[in-house]
Structures are given as structure tokens and as C-alpha cells.
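Coordinates in review
Okay, here's what each chain looks like letter by letter:
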Amino acid sequence: MEITNVSEYEEIAKQKLPKMIYDYFASGAEDQWTLRENRNAFSRILFRPRILVDVSKIDLTTTVLGFNISMPIMIAPSAMQKMAHPQGELATARAASAARTIMTLSSWSTSSVEEVNSTGPGIRFFQLYVYKDRNVVLQLVRRAERAGFKAIVLTVDTPRLGRREADIKNRFTLPPSLTLKNFEDLDLGKMDKTNDSGLASYVASQVDRSLSWKDVKWLQTITSLPIVVKGVMTAEDTKLAVQAGVAGIVVSNHGARQLDYVPATINSLEEVVKAAQGKVPVFLDGGIRRGTDVFKALALGASGVFIGRPVIFALAADGEAGVLKVLEMLRDELELTMALSGCTSLEQITRNHIITEANLPSML
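What comes next is a walk through the structure. (Residues numbered from 1 in each chain as written. Predicted model: local features only at pLDDT ≥ 70, side-chain atom pairs only at ≥ 80, totals over all residues. Heavy atoms only, no water.)

Considerations on the pairing of strand E10 (residues 282–285)
With burial as the criterion, each face of E10 is covered, one bearing Val282 and Leu284 and the other bearing Phe283 and Asp285. Considered for its hand, the β-α-β crossover made up of strand E9 (residues 248–251), helix H11 (residues 265–276) and E10 is right-handed. Two elements, E10 and strand E11 (residues 304–307), share 3 bridges in a ladder whose sense is parallel. Each bridged residue has a counterpart across the sheet, and for leucine 284 the counterpart in E11 is valine 305. Following the backbone out of E10, through helix H12 (residues 291–299) and into the adjacent parallel E11, one traces a crossover that is right-handed. (Buried < 20%, exposed > 50% of the residue type's maximum accessible area, 1.4 Å probe, protein only. Helix = DSSP H or I, 4+ residues; strand = E, 2+ residues; numbered from the N terminus. Right-handed = clockwise from strand over helix to strand, strands pointing away. Pairing = 2+ DSSP bridges.)

The structure is reproduced here in C-alpha cells:
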């Protein structure tokens, strides 16, 4: 069967993966309202296409933190990718490089920063949690720097792990053949089986619940890499992030895996973009499954998007080739959406190209 869209990979992944592993990747927190809403909210944004524009040449290229990439679609950090495919993060890294875009490596990856670096050239960011033992943080950052990673993506929405009930039911545990490779030398590489939400016993003992803006400042003192904060949902926190001197903001609700009943990220995006006032780029993750979704995010002011689950499901289905196909399909769909909307470059995509619920015609 020929794959014709990104969502088709999820069903293949569901059939291929053990239930415990599929559920870990697919599920959200508690009632999973936000998980559904992350997708549904996109369907309530409609287009206002402009016609009779010469769209014979369309340019999707952009720059992120000064790095040139082929399109405004990048790979979000997803943990433990070797659960999805034996090549795990290494396959994802090769696909991102082939597509000429950015991969973000989870610090909870089943491949180390050095192994990912050894796959060849590419622009890669390193996702970071801050641990109680700041020496662990320092070691992780240094390893990422030495392995050629270009930015730190600090996850800021996880002082505690969200309640993911599928993981509790399944007694989720990392398969014994796998390890959290970035922690191997730090004596933190294995998780114990737990009746709590998956990583909770590991996270609860290590991730620092006292994390605050002062720690963002501390991080800036230990690395010269740009720091992007991931997990901002409000104007108030956007202003604090700008004041703290971050290099970028990712509007994210952690794939709806943390606090349930927060809005879809696409519905929080405009608030954050307005508060950022153009001082830092704002990115979005959560719910992207179509090129039309990417266009909608760009129209609402995003500088680019990150995709998570589509990468994991394609990886499970078809390894590196699957991940590359997802990136290519989203790219092609975005290009088509631009053509049919009358835009030949990303700069031409504006708020006037979409209709949101607030300004829907009364006939709808």
C-alpha cells in the first residue's frame, strides 16, 4: 500500500509495535482532551486563498538561529526512539540531514550525542532537562557541545511528569536491551519498573522541581550555545523568556502529555507571538499532521514548526526511509498549500491568509 499522508503511519506503527510501546508514544495525560484538541483546533482554522499570483517558483527555505534549512519543518525531541526501531535516533538523524532540516535529540535518547554525531553532518539541537545535580547538567551540555550540537532546547513544562494513564496500566518500562545512552557514564542509565507513570521513579528522583528563571540564567553562564525554551503557553511567560535573553521559544504542551485541558498549541501561538514582539523567534509543536497545519502556524506568526509523533510512527513503520518520507510529504503539502494560497515565499504568508473562529463569517 502506498502511503499518501503522514497519519497513515500511525496505524502501521500501532500494528507493528508492542502495546506498551505504542501506548507510550501515542498517549497523552489523563482524559487526553488536549491530545485530541491539538489536532482538532487546526480544523477550525480556514483559508483565505489569493488567486492569479505567479506561483511557478516557490521558495520554502528559511533560517533558524542563523542556520539555513530547506523548510520550516523540524524534528522535535522524542525519547527512547530505539523502542520504535532498532536504528532509533540514528535513523532519525540521517533522515533529518537528508531533508536538510534540524533534528532535536532528546536527552532521554537511546543513542548518545556522540553516536548521533557520528551519523554524519547535520544541524542538531540538544533537548535538556535540569537535574538536581547540576554537575549532571554540566556534563550533558559539555557532551552535546563536543558532539557538535548547535543549540540547547530547555524543556520548561516538566517540574513533575504528567499522569499518563496508559503507562500506569501497562506498567511501562524501558525494554531491558535499551539504555538512556547520555546517562551511561553518569550512573543514571537504567530505569526500574514502576507502577507509576512510566519514567516517574527516574524523573521524580532526578529532575529539579525547583527549576526557575534563575536557572535559565545559570545555563547561559555554562554554555555559549543559544538556549531555546520549550513549553511556553502564555504572554506572561513569553515576556519573562525575552527578559531572560533566550534565543527562541517553542509553544508546546509537551504533546499533551503534561497538563491536560491546556489549549491546543495552535490556539496559544498568537498570544505568544504578540508578546514576543519580534524580539525572538517563536516556534510551535503539537498536532502537526499536514502541510496545511504548517501553513496555519506560519500565518499565525510561527517561524517554524517541530514534529514529534509523526516521526516516531514513521520510524516504527519504515525506519529512516519512513522519517524522510514524512518530512518530504509535509514539505510537498506545504508547497502546494502556498501555491494554492498565492504565496511564493514564507515571508508572504500572513494572518490575512487564514480565518480563525474569532473572525469566521456568520454563515458558518
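Some thoughts on helix H4 (residues 88–98)
Counting buried residues in H4 gives 8 out of 11 residues, a clear majority hidden from the surface. Regarding H4, the residues found buried are Gly88, Glu89, Leu90, Ala91, Thr92, Ala93, Ala95 and Ala96. In the core, the buried residues of H4 are packed alongside strand E4 (73–75), strand E5 (103–105), helix H5 (113–117), strand E6 (124–128) and helix H13 (309–341). (Contact = heavy atoms within 4.5 Å.)

Some thoughts on the pattern of salt bridges
Oppositely charged side chains are able to pair whenever their charged atoms sit close together. A complete count under the given rule lists 14 salt bridges for this structure. Between arginine 39 and aspartate 293 there is a salt bridge, with its nearest N and O atoms 3.1 Å apart. Of this pair, arginine 39 sits in helix H3 (residues 33–40) while aspartate 293 sits in helix H12, placing them 254 residues apart in sequence. Residue arginine 39 is classed as partly exposed on the basis of its relative accessible area of 28%. (Salt bridge = Lys/Arg side-chain N within 4 Å of Asp/Glu carboxyl O.)

Quick look at the environment of alanine 244
Structurally, alanine 244 is set in the loop between helix H10 (235–243) and E9. The class for alanine 244 is buried, based on a relative accessible area of 5%. The spacing of alanine 244 and lysine 214 is 30 residues in sequence and 8.5 Å in space, taken between C-alpha atoms.

Some thoughts on the packing of aromatic side chains
Working definition: an aromatic ring pair is given by the centre-to-centre distance plus the angle between the planes. Evaluation of the coordinates by the stated rule reveals 9 aromatic pairs. Between tyrosine 24 and phenylalanine 172, the aromatic rings sit 4.5 Å apart at their centres with planes inclined by 10°, giving stacked as the arrangement. A residue pair is termed long-range when its members are at least 10 positions apart, and tyrosine 24 in helix H2 (residues 19–26) and phenylalanine 172 in the loop between helix H7 (165–170) and helix H8 (200–206) qualify at 148 residues. Comparing tyrosine 24 with phenylalanine 172 shows no difference in burial state: the two are buried. What links up through ring pairs into an aromatic cluster is the set Tyr24, Phe25 and Phe172. Seen from the ring of tryptophan 218, arginine 134 lies directly overhead, with NZ or CZ sitting 5.6 Å from the centre. Lying over the aromatic face of tyrosine 24, arginine 257 brings its terminal NZ or CZ to 4.8 Å of the ring centre. (Phe/Tyr/Trp six-rings, centres within 6.5 Å; stacked < 30°, edge-to-face > 60°. Lys NZ or Arg CZ within 6 Å of the ring centre and 35° of its normal.)

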